[in-house]
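Letter by letter, the chains look like this.
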Amino acid sequence: MVTSVELQDPMSYYLFWLILAIVAVAAVFFLQIFFRIKLRDRLKKKREKEPKVHAPKKKPLSVLKWEYLQKLEYLERGINAGAYSKRSAYQELSMLIRTFVTDATGIKVQNYSLHEIRRVGIPGLTALVQEYYEPEFARQSMADIRASLFRTRKAIELWS
């Protein structure tokens, strides 16, 4: 049977795709080199313009204590006004003492668990956080928020 269609060998197709792939890889390689050389000066200028970050100056401990005692007093007024549930009051109290310790020592204890706080070795903080845990996470608690506020105030006042 005679046909008018001539078939090509399958290998002739592979050669075309191989050459096309090599050309594409070479083009990407050369374009990358070209743009790196062209943009090198812009990147250097951008790096030079970035401001240097300096660690903030630590406040004196007496100023820090005064600020946190003011925050504690504000929290106490909110609790007395009924603006906080027992759970949210203890959560605020916990965050307040943790941020105070972070600002006073530089140890970032805001997200530490009780176990991690014990390992840090600050007994006053450990005792307060342990006191806060049950009312913070329990559905109902018999904890006394006024006593906790008093102990937190004393811990901040006696911090050295």
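Residues numbered from 1 in each chain as written. Predicted model: local features only at pLDDT ≥ 70, side-chain atom pairs only at ≥ 80, totals over all residues. Heavy atoms only, no water.

S.K.: Residues and numbers for a nonpolar patch on the surface, please.
M.R.: Among the surface-exposed residues, Leu 15, Leu 18, Ile 19, Ile 22 and Val 23 lie close enough to one another that they form a single nonpolar patch of about 490 Å² accessible area. Inspection of the secondary structure puts Leu 18 in helix α1 (residues 10-49). (Patch = residues over 30% accessible without salt bridge, like charges linked within 9 Å, V, L, I, M, F, W, Y side chains within 5 Å. Areas by Shrake-Rupley, 256 points an atom, 1.4 Å probe, with all protein chains shown as cover. Salt bridge = Lys/Arg side-chain N within 4 Å of Asp/Glu carboxyl O. Helix = DSSP H or I, 4+ residues; strand = E, 2+ residues; numbered from the N terminus.)

S.K.: Account for the packing of helix α3 (residues 86-105) against helix α6 (residues 145-157), naming residues and giving values.
M.R.: Two numbers describe a pair of packed helices, the interaxial angle and the distance between the axes. Contact geometry for α3 and α6: axes closest at 11 Å, N-to-C directions at 5°. In terms of orientation, α3 and α6 fall into the roughly parallel class. Only Ile 145, Ser 148, Leu 149, Thr 152 and Ile 156 of α6 make contact with α3, whose side of the interface consists of Ala 89, Tyr 90, Leu 93, Leu 96, Ile 97 and Phe 100. Considered class by class, the residues forming the contact of α3 with α6 number 9 nonpolar, 2 polar and no charged. (Axes fitted to C-alpha atoms, helices over the stretch in contact; angles between N-to-C directions. Parallel < 35°, antiparallel > 145°, perpendicular 65-115°, else oblique. Contact = heavy atoms within 4.5 Å. Nonpolar A, V, L, I, M, F, W, Y, C, P; charged D, E, K, R; others polar.)

S.K.: Now, about α6: what can you tell me, with residues and values included?
M.R.: Under the 1.5 Å per step criterion, the end-to-end length of α6 is 18 Å for 13 residues, consistent within 8% with the ideal 18 Å. All buried positions along α6 are accounted for by Ile 145, Ala 147, Ser 148, Leu 149, Thr 152 and Ile 156. As for α6, its buried residues are in contact with α2 (61-80), α3 and α5 (123-137). The N-cap of α6, judged by a side-chain oxygen 3.3 Å from the amide nitrogen of Arg 146 a few residues on, is Asp 144. (Expected span 1.5 Å × (residues − 1). Buried < 20%, exposed > 50% of the residue type's maximum accessible area, 1.4 Å probe, protein only. Polar contact = N/O pair within 3.5 Å; in protein donor to acceptor, adjacent residues only side chain to side chain.)

S.K.: Describe the packing of aromatic side chains, with residues and values.
M.R.: Counted under the stated rule, the structure contains 6 aromatic pairs. Here the aromatic rings of Tyr 68 and Phe 100 are separated by 5.4 Å at their centres, their planes lie at 70°, and the arrangement is edge-to-face. Linking Tyr 68 in helix α2 with Phe 100 in helix α3, this pair joins segments that are 32 residues apart in sequence. With centroids separated by 5.6 Å and ring planes inclined at 80°, the aromatic side chains of Phe 100 and Trp 159 adopt a geometry described as edge-to-face. (Phe/Tyr/Trp six-rings, centres within 6.5 Å; stacked < 30°, edge-to-face > 60°.)

S.K.: Give me the lowdown on the nonpolar core, citing residues and values where you can.
M.R.: Leu 93, Phe 100 and Leu 125 are the most contacted members of the largest nonpolar core, which has 27 residues in total. Sort the elements by how many residues they give to this core and α3 lands first, with 8 residues. If sequence neighbours within four positions are ignored, Leu 125 has contacts with Ile 97, Val 101, Val 109 and Ile 117. (Core = buried A, V, L, I, M, F, W, Y, C linked by side-chain atoms within 4.5 Å.)

S.K.: Describe the side chain of Arg 98, and please don't skip the residues or the numbers.
M.R.: Mapping Arg 98 onto the fold places it in helix α3. Glu 136 provides the closest opposite charge to the buried, salt-bridge-free Arg 98, at an N-O distance of 5.2 Å. With sequence-adjacent residues up to four places away left out, Arg 98 is seen in contact with Val 109, Gln 110, Asn 111, Tyr 112, Ile 117, Val 129 and Tyr 133. (Lys, Arg positive; Asp, Glu negative; His and termini not counted.)

S.K.: Hey, could you go over the packing of α5 against α6 for me, with residue numbers and the actual values?
M.R.: For the pair α5 and α6, the least separation of the axes is 11 Å and the interaxial angle reads 160°. One way to sum up the angle between α5 and α6 is to call them roughly antiparallel. As for the relative orientation of α5 and α6, their crossing is left-handed in sense. Of α6, the residues touching α5 (which contributes Leu 128, Glu 131 and Tyr 132) are Ala 147, Ser 148, Arg 151, Thr 152 and Ala 155. (Left-handed = near helix turned anticlockwise from the far one by under 90°.)

Taken by themselves, the reported measurements are silent on function.
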